[in-house]
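Summary of the model geometry
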Amino acid sequence: MPYDKVITEHEIPLAVRDSGGDGEAVLLLHGLGGTLEAWAGLDLGGRRTVAVDLRGHGHSGDGPWSWEAVLDDLEAVVRALGLGAPAVAGHSLGGMIAVQWALRHPHTPAVVNLDGLRSAENHPDNYPGMDPAARDEALARLKAMFDGQAALMGAPLPAEARAMFPPRALVERDGQVYARPAAELLEAVRYTPEFRDSIPPLHKLSCPTLVVVATQDPPGLAGGELMAAFRRGVRRDLAGLPPAVRVVEMEAGHTMLTEQPEAVGDLVRRFLDEAR
């Protein structure tokens, strides 16, 4: 059975869920606002899976966000658990971190990025084929939506809003319930180059890498022209990747881990088998 552990030999405490065993190790990294429980439905066979609560998320400690600091957190997990050279799989923000890990560790045995390519809120050039006026109007609405989400994370949650978040993402302070991560962390991540666009680093990778692209609109953005244009830009810029990087499109939304855990697990498991 998997067991939870908090690694304390580091700048901040880091919560992990370790399946144990002596199989090949795979680090699992959730998305922005998620927790390690995002991976609960994934079956990677006999591999040793170690799911991590990223800093500022779940049961891990708080600390200023920087991409280098997050990679240092993962180094601490690998050392503390004796994982050697693990494969790394991430969803959304976690997929972006997995790519950064591979840049730091070029001989990583395998990298999986599940729909962690670009923030939907992006540079206008990344929505090709869309009328500029309609694009700019849609981007303004998207910014307002994300601004509202950030404001929600910075305030105490009313009881009716708590069901929107996994229990592990809730924390009580001074008699009030808040969601993690804090609004400050969201803002620190939101406009970083790595979060805005993680496609350019893919062109630098030489280790076996699987990129899974969702083909359905994310919740709250369904049916609009913006996301169709966004996907056109992603496909355009994924062209010409190194031979080590494989791209697969999946008929799923951005929340593919919860929508289709068996299909995602099968795809990742087969890729890791081949990478071996």
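Residues numbered from 1 in each chain as written. Predicted model: local features only at pLDDT ≥ 70, side-chain atom pairs only at ≥ 80, totals over all residues. Heavy atoms only, no water.

Observations concerning the nonpolar core
Core analysis: the biggest nonpolar cluster contains 54 residues, and L27, V77, L93 and I97 have the highest contact counts within it. For this core, the leading source of residues is helix α1 (residues 67-81), giving eight residues. Among all residues touching V77, those that are not within four sequence positions of it are I7, L14, V16, L27, V50 and V52. In this structure, L42, A214, V268 and L272 belong to the second largest nonpolar core, which totals 24 residues. (Core = buried A, V, L, I, M, F, W, Y, C linked by side-chain atoms within 4.5 Å. Buried < 20%, exposed > 50% of the residue type's maximum accessible area, 1.4 Å probe, protein only. Helix = DSSP H or I, 4+ residues; strand = E, 2+ residues; numbered from the N terminus. Contact = heavy atoms within 4.5 Å.)

Focus: the packing of aromatic side chains
In total, this model carries two aromatic pairs according to the counting rule given. Consider the rings of W65 and W67, whose centres lie 5.7 Å apart with planes at 85°: the pair is edge-to-face. Ring centres 6.0 Å apart and planes at 40° place the aromatic pair Y127 and F230 in the tilted group. Residue Y127 is located in the loop between β6 (111-114) and α3 (132-153), and its partner F230 is located in helix α7 (residues 225-237); the two are separated by 103 residues in the primary sequence. Of the two residues, Y127 and F230, neither departs from the other in class, the shared state being buried. (Phe/Tyr/Trp six-rings, centres within 6.5 Å; stacked < 30°, edge-to-face > 60°.)

Section: the sheet that holds strand β10 (residues 245-250)
Taken together, the eight strands give an open sheet; going across it, the order is β1-β2-β4-β3-β5-β6-β9-β10, and neighbouring strands pair in mixed fashion. Looking at the sheet topology across the chains shown, the edges are occupied by β1 (3-7) and β10. Across the sheet, the mean angle separating the axes of adjacent strands is 20° when strand polarity is ignored. Two elements, strand β5 (residues 87-91) and β6, share four bridges in a ladder whose sense is parallel. If you follow A89 over to β6, its bridge partner there is V112. Set on the sheet, helix α2 (residues 93-104) makes contact with β3 (25-29), β5 and β6; between it and β5 the angle comes to about 150°. This element, helix α9 (residues 261-275), spans β3, β5, β6, β9 (209-214) and β10 of the sheet and lies at about 165° to β10. (Pairing = 2+ DSSP bridges. Axes fitted to C-alpha atoms, helices over the stretch in contact; angles between N-to-C directions.)

Regarding the pattern of salt bridges
The tally for this structure, following the rule as stated, stands at 29 salt bridges. Between D4 and R17 there is a salt bridge, and its shortest N-O distance comes to 2.6 Å. Linking D4 in strand β1 with R17 in strand β2 (residues 14-18), this pair joins segments that are 13 residues apart in sequence. With a relative accessible area of 22%, R17 lands in the partly exposed category. (Salt bridge = Lys/Arg side-chain N within 4 Å of Asp/Glu carboxyl O.)

Considerations on α9
Between its terminal C-alpha atoms α9 stretches 21 Å, which fits the 21 Å expected from 15 residues at 1.5 Å a residue. Among the residues making up α9, those that are buried are V264, G265, L267, V268, F271 and L272. Projection of α9 onto a plane perpendicular to its axis shows the buried side chains occupying an angular sector of 165°, all on one side. Across from the buried face of α9, at angles greater than 90 degrees, the exposed residues are E262 and E274. Residues of α9 that are buried sit in contact with β3, β5, β6, β9, β10 and α8 (256-259). (Expected span 1.5 Å × (residues − 1). Arc of directions from axis to C-beta.)

Quick notes on the packing of α3 against helix α4 (residues 183-190)
For the pair α3 and α4, interaxial distance at closest approach is 8 Å and the crossing angle is 145°. In this structure, α3 uses K143, F146, D147, A150 and M153 to contact α4, whose residues at the interface are A183, L186, E187 and R190. Here the residues of the contact of α3 with α4 are counted per class, giving five nonpolar, no polar and four charged. (Nonpolar A, V, L, I, M, F, W, Y, C, P; charged D, E, K, R; others polar.)

Points about the packing of α1 against α2
Packing of α1 against α2 leaves a shortest axis separation of 10 Å and a crossing angle of 80°. What the angle tells us is that α1 and α2 run roughly perpendicular. Seen from α1, the contacting residues are W67, E68, V70, L71, D72, L74, E75 and V78; seen from α2, they are L93, M96, I97, Q100, W101 and R104. Counted by class, the contact of α1 with α2 contains nine nonpolar, one polar and four charged residues. (Parallel < 35°, antiparallel > 145°, perpendicular 65-115°, else oblique.)

Considering the side chain of R180
Looking at where R180 falls in the secondary structure, it is placed in the loop between β8 (176-179) and α4. R180 gets classed as buried once you look at its relative accessible area, which sits at 9%. At a separation of 3.3 Å, a polar atom in the side chain of R180 contacts the main-chain carbonyl oxygen of H57. Each residue touching R180, except ones within four places of it in the same chain, is listed here: G33, G56, H57, G58, H59, S60, G61, D62, M153, A169 and V171. (Polar contact = N/O pair within 3.5 Å; in protein donor to acceptor, adjacent residues only side chain to side chain.)

No statement about biological role is implied by the geometric values presented.
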